[in-house]
Amino acid sequence: MLNDLYSDLRRTVRGQVRFDRMSRQLYSTDASMYQIEPLGVVHPLDADDLQAVVELAGKHAMPVLPRGGGTSLAGQCVGRAVMMDLSTHMNKVLELNTEEGWARVQPGVVQDQLNAFLAPHGFGFGPDTSTSNRATLGGMTGNNSCGARSILYGKTVDHVIEAEAILADGSRATFAPLGSAALDVKLRAESLEGHIYREVLRIAEENRAEVEARFPKLMRRVSGYNLDEVLRRDRSLNLAKLLVGSEGTLAVWSALKVRIVPLPTMKALLVAHFEDMIKAVEADALILAHNPSAMELVDDTIIKEAVNSPVFAGKTGFLQGTPGAIVVVEFYGETRAELVDKLDKLEADLKRHRMGYAHVRALEPEQQNLVWNLRKAGLGLMMGHRIDAKPLPFVEDTAVDPHRLADYLKAFDKIVRKHGTRAGYYGHSSVGCLHIRPILDLKKAGEKERLMAIFSDVAALVEEYGGAISGEHGDGLARSWLIERLFGPKLAQAFRDVKAAFDPTNLMNPGKIVDAQPPLENLRWGKPIVRTLDTVLDFSKEGGFSFAVEMCNGNGQCRKLDAGTMCPSYQATRMDRHSTRGRANALRGLLQGDLPFSELGGPDLFEVMDLCLECKACKTECPSQVDMAKMKYEFLYHYQKINGVPLRSRLFGRIDLISRVGSALAPVSNWIAASRPNRWLLARIGFAPQRTLPPFRRRRFSRWFARHAGSNGRVAAAERPAVVLFQDTFMEYNVPQLGRDAVEVLERAGCRVIVPPRKCCGRPLISKGLLSEARTNARFNVASLAPYAEQGLPIVGVEPSCILTLREDYPALLPGPATERVAAQAQTIDEFLFKLTQEGRLPYPAAEGRPAREYLLHGHCHQKALVGTGPTLGVLRGIPGASVREIPSGCCGMAGSFGYEKEHYDVSMTIGEQRLFPAVRRAKPETVIVADGISCRQQIAHGTERQARHLVEVVAEALRG
């Protein structure tokens, strides 16, 4: 039967249809603690595809499951069904009407994507989840999401106007507000849609008293079906409101018409610091009386993680002391003066009541972003512990009356401690909905029983306080089993009747909300690792290779769009298999035995890992610091042990040898490289014919420096502070002028430059999985550089990926004290020049009479991930008369050899076209484009015909005046 369905789908659906084992593994998890392998995965192109999937699945009696970003925390997005990923293609804004205040969108549109589209028109989407950079509107509608500003905007249900849906029989329906005449037409229809209207109205009316008695009297209630919305008679009937929060169990939407709200003119924050969480929550009533737009609690569990996380290095300056909790209070206003007045009044009120020991203001957007970024990273930071015990999502979003929240939290914390564990607390204190995750190790005996005991006690507490078991994240696999307990048997039956009215054959995401499985079935967390890899790289800092893989908790931060660098290939393809999460899922499947171990050398796993550009952004942009680049190096090593090393990989890996020969034969080698026969030959072994190799230079840097050092007496002056310059392969053979400029700049700053013997850093070898050869180079370089490192001399490099290989990769490739000392002293020349800038040691000529110069910076991926662009920006801003801007670009798309490979060329250029190329093209002709990476400069030249320059070139020119 499944094969017949697959064949029918392949013939009918125009989007991708993948029923292979690997695809099923990649979609077997979401951000919850559950794992269920789907029947297959379909990526519909449009509503016609979506309708075909539902029709054909119904014909073959197979369940279907719609999925957006896969960020659900309760297990809504996993199940034994045909998975429909609506985020890949169905992600367009279809229509906008600012006069009436609505937008019509496809379900795969990401919230931040919609907001970016609306912002120029002065509008936004009200509900704003912390996952706004990857949560889709379809998923938000499925869960009835809320967000930090629900005190102002309510839930998603309050913003959905219409839902265009595919019903269980494959028919289409549009659910929208209906007056009495239109409703009569629907009620008389002899169709599934007509049956739905008749049944839902009957069920709602028969259960009116029970709904009024048993539904929690809270805004934050997203459990069950919204029968309360059907019974509201202050407006026309709109069954779209019933579909919101139904988790794909009633219908699949193909488009949504949503209300949009005017953007505030200005915002301001007050970050109130408290000694402990209870004191923070006790201030809720006072703060709410000041009518804020948001009020968010963050406890010390997350604060401590942020302070110690490289993701937030230098970004927690708004914290004072060591708070037990902070409350982030936001106000909207029309003027700065109005906002300052609101902050003054709140702060005075808090101080008068002795609430909070510090009150920090954030009036500028940059400051506010730092605060909100910490709040939004709460889940990822909590999940970042490299131990088996994890903060688990099962009671993580209960909601109660905010005025009773302090007493509720005391009782909740007592339950947690009674069961011998602890929890992290953060979230929406404004509406009484906090995210609370007890920490458990499900790999240990007895822990599942402890989970159930906590579950039962918390459910009883929620009942006692008249609260909701889910105030935001829905029922899913985690909490649907509690529906009858919390709503009573009559409403539980009413929910089953609603489900049957929409879905008579129970094929729409079955097992959620009604007829649920026990909560301990199909657990992902606690699943044992049954295989290990004998790794070449040292993964001890990650707790071992298996732990490194398991650090991915599925939160989907790697699926963000138009922001940061992670994950370039996902941003280009929108395919989950090309995200960090997808790759981690595949590797975990291998280690847990869900995939055969032969996949280690198979084509499917290679395809999943292949588009990792090794940008390293996941190491710092992922709150859990999943280092997929390092895992890819290790994977390639094992894959090639089985399959052999391709010639192209050997050539790229030994680019130093090729460059040495090319330099010796230049300029003849350049003519040969550009010749038609050579380009044909390179294309035969997989080089992209559109690319050109960087030219070789006959006069190598090392030879120039030997003569320079011998003839220039001041260079050898012992009293000058010494700095070691690491000569990378490209500086040596391709851009020796860059090395000469580096020496000039360092000498003008009063430094004595040392250039020790070296081999290629090994970055090209590492990137191709040739780890044994890379270790040989590392051993030579460490031996050469260690004596200088022991003296405390800085070791600087001009090519970010090369010098950062010494700092980042050598400790895993060649563990040992000497390597650690070299790594500790290695730094980009940007970092070193920034120190010189701060010390006033760069002797720029006076700026009088010189025209102002505009610089536009694109940061190298490794530089952004491991150092940040702050030092580069600082150096540029230190140039007299400089005007400096940074391109908000991600990866350039070249990524070393990646963009040179024929099969990667299109993806490479797509990545460049997303943000980098357009920004460069918009720049004025006289603007200097600055990019430190040689790959970045080549990509910019290829994509825009603009020549970018290295920071060192810019500084050298400025020093010459």
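The structure under discussion appears in the preceding block.
Here the structure is a predicted model, which is why all the values come from computation and not from measurement. (Residues numbered from 1 in each chain as written. Predicted model: local features only at pLDDT ≥ 70, side-chain atom pairs only at ≥ 80, totals over all residues. Heavy atoms only, no water.)

We now examine the overall build of the protein. Scanning the protein from terminus to terminus reveals 46 helices and 25 strands. Its C-alpha radius of gyration of 30 Å places the protein within 12% of the 30 Å reference for a compact globule of 961 residues. By principal-axis analysis of the C-alpha atoms, the protein measures approximately 100 × 70 × 60 Å. The buried share of the protein, reckoned over its 961 residues, is 63%. (Helix = DSSP H or I, 4+ residues; strand = E, 2+ residues; numbered from the N terminus. Rg over C-alpha atoms; globule rule 2.2 N^0.38 Å. Buried < 20%, exposed > 50% of the residue type's maximum accessible area, 1.4 Å probe, protein only.)

A cis geometry characterises the amide bond from Met-566 onward to Cys-567, with omega recorded as -10°. Residue placement: Cys-567 occurs in the loop between helix H23 (545-550) and helix H24 (568-573). Of note, the amide linkage connecting Ala-666 to Pro-667 takes the cis form, showing an omega dihedral of 5°. Locating Pro-667 in the fold gives a position in the loop between helix H30 (655-665) and helix H31 (668-674). In this structure, Ala-61 takes a positive phi of about 60° despite not being glycine. Position of Ala-61 among the secondary structure elements: in the loop between helix H3 (47-59) and strand S3 (64-67).

Note on aromatic pairs: each is described by the distance of the centres and the angle between the planes. Tallying each qualifying case throughout the model produces 20 aromatic pairs. Relative to Phe-687, the ring of Phe-652 has its centre 4.8 Å away and its plane inclined at 40°; by these criteria the two rings are tilted. Here Phe-652 is found in helix H29 (residues 647-653), whereas its partner Phe-687 is found in the loop between helix H32 (676-684) and helix H33 (701-711), with 35 residues between them in sequence. Of the two residues, Phe-652 and Phe-687, neither departs from the other in class, the shared state being buried. Among the aromatic side chains, those forming a connected cluster through ring pairs are Phe-215, Tyr-225, Phe-487 and Phe-495. Directly above the aromatic system of Trp-102 lies the positively charged group of Lys-257, at a separation of 4.2 Å from the ring centroid. (Phe/Tyr/Trp six-rings, centres within 6.5 Å; stacked < 30°, edge-to-face > 60°. Lys NZ or Arg CZ within 6 Å of the ring centre and 35° of its normal.)

The next point concerns the sheet that holds S3. On the basis of which strands lie adjacent, the open sheet formed by four strands has the order S1-S2-S4-S3 and mixed pairing. Both outer strands of the open sheet, strand S1 (16-18) and S3, are each paired with one neighbouring strand and no more. For this sheet, the mean inter-axis angle between neighbouring strands, taken without regard to orientation, is 20°. Relative to strand S4 (residues 82-85), S3 runs parallel, the two sharing four bridges. (Pairing = 2+ DSSP bridges. Axes fitted to C-alpha atoms, helices over the stretch in contact; angles between N-to-C directions.)

Another aspect to go through is the sheet that holds strand S23 (residues 853-858). Ordered by their spatial adjacency, three strands build an open sheet running S24-S23-S25, and the pairing between neighbours is parallel. Two strands lie at the open edges of the sheet, namely strand S24 (882-886) and strand S25 (928-931), each paired on one side alone. Taken pair by pair, the neighbouring strands of this sheet meet at an average axis angle of 30°, ignoring direction. For S23 and S25, the ladder comprises four bridges, and the chain directions are parallel. Counted as the bridge partner of His-858 is Ala-931 from S25.

Our next topic: a positive patch on the surface. Together, Arg-698, Arg-699, Arg-703 and Arg-707 line one region of the surface with positive charge. By secondary structure assignment, the location of Arg-707 is in helix H33. Residue classification places Arg-707 among the partly exposed residues on the basis of a relative accessible area of 47%. (Patch = residues over 30% accessible without salt bridge, like charges linked within 9 Å, V, L, I, M, F, W, Y side chains within 5 Å. Areas by Shrake-Rupley, 256 points an atom, 1.4 Å probe, with all protein chains shown as cover. Salt bridge = Lys/Arg side-chain N within 4 Å of Asp/Glu carboxyl O. Lys, Arg positive; Asp, Glu negative; His and termini not counted. Charge placed at Lys NZ, Arg CZ, Asp CG, Glu CD.)

Right, let's talk about the pattern of salt bridges for a bit. Within the structure shown, the criterion is met by 66 salt bridges. Residues Asp-48 and Arg-172 are paired through a salt bridge, measuring 2.4 Å at the closest nitrogen-oxygen approach. Of this pair, Asp-48 sits in helix H3 while Arg-172 sits in strand S9 (residues 172-175), and the two are 124 residues apart along the sequence. Arg-172 gets classed as partly exposed once you look at its relative accessible area, which sits at 40%. Here Glu-347 makes a salt bridge to Lys-351, at a shortest N to O gap of 2.8 Å. Of this pair, Glu-347 and Lys-351 both sit in helix H15 (residues 336-352), four residues apart, which is roughly one turn of that helix. Through salt bridges that share partners, Arg-18, Asp-20, Arg-577 and Glu-607 make up one connected network.

Our next topic: the packing of helix H42 (residues 870-877) against helix H46 (residues 951-960). Each pair of packed helices gets described by two things: the angle between the helix axes and the distance between those axes. For the pair H42 and H46, the least separation of the axes is 11 Å and the interaxial angle reads 20°. Overall, the two elements H42 and H46 adopt an arrangement that is roughly parallel. Considering only the axes of H42 and H46, their crossing is left-handed. Facing Thr-872, Val-875 and Leu-876 of H42, the residues of H46 in contact are Leu-951, Val-954 and Val-955. Of the residues belonging to the contact of H42 with H46, the class tally is five nonpolar, one polar and no charged. (Parallel < 35°, antiparallel > 145°, perpendicular 65-115°, else oblique. Left-handed = near helix turned anticlockwise from the far one by under 90°. Contact = heavy atoms within 4.5 Å. Nonpolar A, V, L, I, M, F, W, Y, C, P; charged D, E, K, R; others polar.)

Judged by nonpolar contacts, the single largest core of 138 residues is most densely connected at Phe-175, Leu-227, Tyr-408 and Leu-409. In this structure, Ala-548, Leu-771, Ala-778 and Ala-789 belong to the second largest nonpolar core, which totals 83 residues. (Core = buried A, V, L, I, M, F, W, Y, C linked by side-chain atoms within 4.5 Å.)

You can see His-904 is positioned in the loop between S24 and helix H43 (905-914). At 2.7 Å, the side chain of His-904 and the side chain of Glu-901 are in polar contact. Contact partners of His-904, with chain neighbours within four places excluded, come to Asp-610, Leu-611 and Phe-898. (Polar contact = N/O pair within 3.5 Å; in protein donor to acceptor, adjacent residues only side chain to side chain.)

These values are about where atoms sit, not about what they do.
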